[in-house]
Amino acid sequence: MCGRFALFRWNPAFAALPGFPADQRAQWNISPNDSVLILRAHAGQRELARARWGLTPAWLTDLSRTPAHARAETLAEQPMFRQAFRERRCLLPANGFYEWRGTQRKRPYWLTPAEGSSLFFAAVWEAYPVQEQVWLSTAVVTQAAASQRRPLILDEAGQAAWLAEDTPLHVLQGLLASPQMPLRERLLANLVNDPKLNAPECLTPG
């Protein structure tokens, strides 16, 4: 399960998007409940916004149950996600994500695109009103897998279709089962195991 990812580098075009926070800092070790950037479509253009990683629909009463992940194979039917899947889709930008493997002693791995470009995870978002303020939240879509449930990564065409408001349902369902790009893997030291560490040392080789 993708429980951590990182966004510490972006290009000028990304930083020029509407909504890019002036105080955005590098995030080397993003965990559920952290503040993340989401990319969504609004009024015909793409914009960035900050959201909490843990989906919080407006009807939710138990705020201790805010899922960070949504399974691709049940996304369209589950009450927690189905409306957001149809109406509130977004992308989470990342430079890579972490994966822990092993039976008795799990070791962290860093996964990035083979060509070194950025990643965009399929996700859904919700708005949660609190008094006069509205808070955004999000959940990452994870692909079906026998062991590791990795985030669903979309290519450029898939990103456009995912964000578009008029994409037919059968096309969206096809994206949920789309082939995934090859990833480069690197074994890391255990420094990243500390969720409070937010520094380049997270990527120290193991």
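Residues numbered from 1 in each chain as written. Predicted model: local features only at pLDDT ≥ 70, side-chain atom pairs only at ≥ 80, totals over all residues. Heavy atoms only, no water.

Asker: Would you mind going over the overall build of the protein chain with me for this structure?
Answerer: Assigned secondary structure in the protein chain consists of four helices and eleven strands. For a compact globule of 206 residues, the expected C-alpha radius of gyration is about 17 Å, and the protein chain comes in at 17 Å, within 12% of that figure. On the principal axes, the C-alpha backbone points of the protein chain span a range of 45 × 40 × 40 Å. The proportion of buried residues among the 206 residues of the protein chain is 48%. (Helix = DSSP H or I, 4+ residues; strand = E, 2+ residues; numbered from the N terminus. Rg over C-alpha atoms; globule rule 2.2 N^0.38 Å. Buried < 20%, exposed > 50% of the residue type's maximum accessible area, 1.4 Å probe, protein only.)

Asker: Before we go on, may I ask you to explain the sheet that holds strand 2 (residues 27–30) in this structure?
Answerer: Strand pairing within a sheet occurs via backbone hydrogen bonds; the two strands may be parallel or antiparallel. Spatial ordering of the open sheet is given by 2-1-7-8-11, a layout of five strands whose pairing is antiparallel. Taken across any chain shown, the strands that pair with only one partner, and hence form the sheet edges, are strand 2 and strand 11 (183–187). Across this sheet, the average inter-strand angle for adjacent strands is 25°, counted without regard to direction. Where strand 7 (residues 96–101) meets strand 8 (residues 107–113), five bridges bridge the pair, whose relative direction is antiparallel. Among the inter-strand pairings, Phe 97 is bridged to a residue of strand 8, identified as Leu 111. (Pairing = 2+ DSSP bridges. Axes fitted to C-alpha atoms, helices over the stretch in contact; angles between N-to-C directions.)

Asker: Please clarify how unusual backbone geometry should be interpreted in this entry.
Answerer: If a residue is not glycine, its phi is most likely negative; likewise, a peptide bond is most likely trans. Unlike most non-glycine residues, Asn 33 shows phi in positive territory, near 85°. Positionally, Asn 33 belongs in the loop between strand 2 and strand 3 (35–42). For Asn 33, a relative accessible area of 48% corresponds to the partly exposed category.

Asker: Can you help me understand the nonpolar core in this one?
Answerer: As a rule of thumb, nonpolar side chains are buried together in soluble globular proteins. Ranked by internal contacts, the top residues of the largest apolar core, which has 52 residues, are Phe 5, Ile 38, Leu 92, Phe 97, Phe 121 and Trp 162. A total of seven residues in this core trace back to one element, the largest contributor, which is strand 9 (residues 119–130). Aside from chain neighbours lying at most four places away, what touches Phe 121 is Phe 5, Cys 90, Leu 91, Leu 92, Ala 94, Phe 97, Val 140, Pro 151, Leu 152 and Ile 153. Among the nonpolar cores identified, the runner-up in size contains ten residues, and Phe 8, Tyr 98, Leu 188 and Cys 202 belong to it. (Core = buried A, V, L, I, M, F, W, Y, C linked by side-chain atoms within 4.5 Å. Contact = heavy atoms within 4.5 Å.)

Asker: What exactly am I supposed to notice about the pairing of strand 9 here?
Answerer: Regular strands place their side chains on alternate faces of the sheet. Of all twelve residues making up strand 9, nine are buried, and the element is well covered by its neighbours. Relative to strand 10 (residues 133–142), strand 9 runs antiparallel, the two being bridged by eight bridges. Looking at the pairing, Glu 126 lines up with Ser 137 of strand 10. From the end of strand 9 to the start of strand 10, which pair antiparallel, there are two residues, and Gln 131 there has a positive phi angle of about 55°.

Asker: Help me out: how do you make sense of the side chain of Thr 66 in this one?
Answerer: Among the structural elements, Thr 66 can be located in the loop between strand 4 (45–53) and strand 5 (69–71). Overall, Thr 66 belongs to the buried group, its relative accessible area being 13%. Polar contacts involving the side chain of Thr 66 include one to the side chain of Arg 52, which spans 3.1 Å. Leaving out residues up to four positions away in the same chain, Thr 66 has contacts with Asn 33, Arg 52, Gly 54, Leu 55, Thr 56 and Leu 60. (Polar contact = N/O pair within 3.5 Å; in protein donor to acceptor, adjacent residues only side chain to side chain.)

Asker: Would you mind showing me how to read the side chain of Thr 138 here?
Answerer: Among the structural elements, Thr 138 can be located in strand 10. Given a relative accessible area of 0%, Thr 138 falls into the buried group. Within the structure, Thr 138 has its side chain in polar contact with the backbone oxygen of Val 124 (distance 2.8 Å).

Asker: For this particular structure, what's the right way to read the environment of Trp 10?
Answerer: Within the element layout of this structure, Trp 10 appears in the loop between strand 1 (4–7) and helix 1 (12–15). Here the alpha-carbon distance between Trp 10 and Thr 138, two residues 128 residues apart in the chain, equals 21 Å.

Asker: Would you mind going over helix 4 (residues 169–176) with me for this structure?
Answerer: One turn of an α-helix holds 3.6 residues; hence residues three or four places apart share an orientation. Turning to helix 4, its buried residues number three or more, namely Leu 172, Leu 175 and Leu 176. For helix 4, the angular spread of buried residues about the axis comes to 105°, placing them on one side. Buried positions along helix 4 lie against helix 2 (82–87), strand 6 (89–94), strand 10 and helix 3 (156–163). (Arc of directions from axis to C-beta.)

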